[in-house]
Amino acid sequence: MTNTYGPLPYEGIRVIEFTHMVMGPTCGMLLADLGAEVIKVEPMGGDSTRRLLGSGSGFFPMFNRNKKSIVLDLKQPEGLQAALRLIDTADVVSENFKSGVMEKLGLGYDALKARNPRLIYVSHKGFLPGPYENRTALDEVVQMMGGLAYMTGRPGDPLRAGTSVNDIMGGMFGAMGVMAALAQREKTGEGTQVQTSLFENNVFLVGQHMMQYAVTGKAAAPMPSRISAWAIYDVFTVKDSEQIFLAVVSDKQWDIFCRAFDLAQLRHDPRLATNNDRVQARSWLLPALREHLAQFSAAELSAVFEREGLPFAPITRPEQLFDDPHLIATGGLAPIRLPDGREALVPLTPVTLGGAQLPVRLQPPGIGEHTEELLRGVGYDQHEIGALKAKHITEGDSTS
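For clarity, every value in this text was computed on a predicted model and none was experimentally measured. Residue positions are counted from 1 within each chain, in the order its sequence is given. The predicted origin of the model limits local features to residues at a pLDDT of at least 70 and limits the giving and counting of side-chain atom pairs to 80 or more, whereas totals for whole chains, interfaces and linings rest on all residues. To obtain the side-chain values, all non-hydrogen atoms of the structure were included, while hydrogens and water were left out.

The next thing to look at is the overall build of the protein chain. Counting its regular elements, the protein chain contains 18 helices and 13 strands. Along the three orthogonal principal directions, the C-alpha set of the protein chain runs to about 85 × 45 × 40 Å. The contact criterion used throughout is that any non-hydrogen atoms of two residues lie within 4.5 Å. Of all intrachain contacts in the protein chain linking residues separated by at least 6 positions in sequence, the fraction that spans at least 24 positions is 71%. Here the protein chain displays about 20,400 Å² of accessible surface, and carbon together with sulfur accounts for 56% of that area. A helix here means a DSSP run of H or I that spans at least four residues, while a strand means a run of E at least two residues long, and both kinds are numbered starting from the N terminus. With residues, only the protein chains shown are counted as cover, and all accessible areas are computed by Shrake-Rupley using a 1.4 Å probe.

Here's what the structure looks like:
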């Protein structure tokens, strides 16, 4: 696609982030994608997220594009002073450490607000202030205690969602809060503190099920055993044991579906006249449909459903998305540098401005890749930078 959006919205905004893992880095990535200069402050040896294995091995390249990296030992006075000099040039500070860590370093909101009343300070925590605020939280922890694992799994078998939903969405809310605070600062001239959390994010996600109980007086059943709002809204095993998700969610779609698959008897059955009638008939209707549709391949069903404008979806594994024709055609995947130097494709932020998704301008940085550039920018000369390196307060340079 051609870029027609002109300058990115947050060009000229500087963000200093003290983050790791997923939640905080997601916030910074979104602001960076929108044009902000995001500076990632890493400890000596680099962010430990870089070294995660298994399900964590994709965290760093996914959530740290469009950022710069500086390495500073914040436990040493010279490292802390360098961080403060950077913060003095910033519009936003972002952090996701345990409660109290930034305050002990002298980098808490109150201390930094005293230095710069226009500063916006966003904290990503497990819980908002309250009885739980000092608990250690993970995405899986809040999914278990916040009703999401219960809703995802089968009865008696709570199951976390298949991605870091609260971390990612919590980072999104953090970025949204920063955007709101920047707009507020335009009116008041003052910065503010923004807080977002895993637990409250998770509660927001299951709020529809809470409201279902409030409206009906009946507790929501886990998704695998729920009473669906629609009769045909399920995964079907079809020819050659392939699977496909098919949905028919209105009376008009039911008529189209029955015509397309020669189901005149069902189409005229008075027991199936309305959607709610069909929901009540699921116990016998679905087995009949499963038997009828089993003669078709997933590709054949996909073709009919697409032609008729009916909802459907192949059951796709994440690695298959690299070859998705829609993502390839729209430019929704962009080249990214992996930690070992190889190149892969990464999903872009799912927003378009002027018809184009937000680009990868900077590859995920090497450890301390921009250290010298950033230190020079806040007044350090080459001799002083060399001294910081000699004392193991910083590492890396602009050519790494």
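Back to the text.
What follows is about unusual backbone geometry. For Met21, which is not glycine, the phi dihedral falls at a positive 60°. Along the chain, the position of Met21 falls in the loop between strand S1 (14–18) and helix H1 (23–33). Using a relative accessible area of 33% as the deciding quantity, one classes Met21 as partly exposed. Of note, the phi angle at Ser241 is positive, near 65°, even though the residue is not glycine. With respect to the element layout, Ser241 can be found in the loop between strand S7 (232–237) and strand S8 (243–248). Classification of Ser241 by relative accessible area gives exposed; the value is 61%. The cut-offs for exposure are 20% and 50% of the maximum accessible area for each residue type, with area from a 1.4 Å probe on protein chains only; residues under the lower value are buried, those over the upper are exposed, and the others partly exposed.

One way to put it is that H1 packs onto helix H8 (residues 165–188) with a least axis distance of 7 Å and a crossing angle of 50°. Compared by their axis directions, H1 and H8 come out oblique. For the pair H1 and H8, the sense of crossing is right-handed. Facing Met23, Thr26, Cys27, Leu30 and Leu31 of H1, the residues of H8 in contact are Asp167, Ile168, Gly170, Gly171, Met172, Gly174, Ala175, Val178 and Met179. Residues were grouped as follows: Ala, Val, Leu, Ile, Met, Phe, Trp, Tyr, Cys and Pro as nonpolar; Asp, Glu, Lys and Arg as charged; and all remaining residues, including Gly, as polar. For the contact of H1 with H8, a count of residues per class yields 9 nonpolar, 4 polar and 1 charged. Lines are fitted to the C-alpha atoms to define the axes, a helix being fitted only along its stretch in contact, and any angle between axes, read from their N-to-C directions, falls within 0 to 180 degrees. Geometric relationships in this document are graded by angle, where less than 35 degrees denotes roughly parallel, more than 145 denotes roughly antiparallel, 65 to 115 denotes roughly perpendicular, and other angles denote oblique. Helix crossings are classified by the rotation of the near helix relative to the far one: an anticlockwise turn of less than a right angle makes the crossing left-handed, while a clockwise turn makes it right-handed.

Function cannot be inferred from these measures alone, as they are strictly geometric.
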